[in-house]
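One letter stands for each residue in the lines below.
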Amino acid sequence: MTLHYPINPDKVFLAGVSDGATGCYAVANTMCGPFAGFIAVSGFGGMLPQMGIQLFPSNIMQRPIYNVNAGKDRIYPIEEVRKFLDWLTNSGVAIERKEYPDELHGFDYRGKESANSHP
């Protein structure tokens, strides 16, 4: 897109919901560009090693990640998501985290998210 349109590459974020969020972690892990950051919603990057994709926190820590999950997600239980995010944090990855305790998998709660809901 940047070849065809006047886009500031420092402002291009990759976002995904569910498998798309997991894909955000895959891209952050393996591609050195062109994204400025990632928004992962209702996904679980911790499933990547189960798929044979080794995670490298040193790669993931290079760009900001905003991670949003639902507390009542039946596909990606919040306890497992927390373990994964804690592992990344303990490995030096700065992740901004948000949980919606009473919400289900997906992003039906998107109306609660806004540009002002996090720093």
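Here's what I pulled together on the structure shown here.

Definitions and limits used
- Residues numbered from 1 in each chain as written.
- Predicted model: local features only at pLDDT ≥ 70, side-chain atom pairs only at ≥ 80, totals over all residues.
- Heavy atoms only, no water.
- Pairing = 2+ DSSP bridges.
- Helix = DSSP H or I, 4+ residues; strand = E, 2+ residues; numbered from the N terminus.
- Axes fitted to C-alpha atoms, helices over the stretch in contact; angles between N-to-C directions.
- Contact = heavy atoms within 4.5 Å.
- Core = buried A, V, L, I, M, F, W, Y, C linked by side-chain atoms within 4.5 Å.
- Buried < 20%, exposed > 50% of the residue type's maximum accessible area, 1.4 Å probe, protein only.
- Phe/Tyr/Trp six-rings, centres within 6.5 Å; stacked < 30°, edge-to-face > 60°.
- Right-handed = clockwise from strand over helix to strand, strands pointing away.
- Salt bridge = Lys/Arg side-chain N within 4 Å of Asp/Glu carboxyl O.

Sheet architecture is open: 4 strands sit in the order β1-β2-β3-β4, paired in parallel fashion. In this open sheet, the two edge strands, each paired with only one partner strand, are β1 (13–17) and β4 (95–100). When strand polarity is set aside, the average angle formed by the axes of neighbouring strands in this sheet is 10°. Note: β1 against strand β2 (residues 37–41), 5 bridges, orientation parallel. Its bridge partner lying in β2, L14 is registered against F38. The strands that helix α1 (residues 19–30) touches are β1, β2, β3 (65–70) and β4; relative to β1, the one it contacts most, it runs at about 145°.

Turning our attention to the nonpolar core. Counting residues in each nonpolar core, the largest one holds 23 residues, and the members touching the most others are Y25, F38, F84, L88 and I95. For this core, the elements supplying multiple residues, two or more each, are α1, β2 and α3 (78–90). Sequence-distant contacts of F38, defined by excluding residues within four places in its chain, comprise F13, L14, C24, V27, A28, R63, P64, I65 and Y66. Grouped together as the second largest cluster of nonpolar side chains are 6 residues, V41, Y66, A70 and Y100 included.

Attention now goes to the packing of aromatic side chains. As enumerated under the stated definition, the model contains 7 aromatic pairs in all. Joined through ring pairs, the aromatic side chains of Y25, F44, Y76, F84 and W87 make up one cluster.

Structurally, T2 is set in the segment before β1. Overall, T2 belongs to the partly exposed group, its relative accessible area being 47%. Taking the C-alpha atoms as reference points, T2 and V12, separated by 10 residues in sequence, lie 9.7 Å from one another.

Successive residues of a regular strand alternate their side chains across the two faces of the sheet. Judged by how many residues are buried, β3 sits mostly within the fold: 6 of 6 residues are covered. Across the two faces of β3 the burial is the same, with I65, N67 and N69 and Y66, V68 and A70 all buried. The pairing of β2 with β3 spans 4 bridges and is parallel. Paired with V41 across the strands is V68, a residue of β3. A crossover connection joins β3 to the parallel β4 through α3; in handedness this β-α-β unit is right-handed.

Within the structure shown, the criterion is met by 6 salt bridges. Between K112 and E103 there is a salt bridge, and its shortest N-O distance comes to 2.5 Å.

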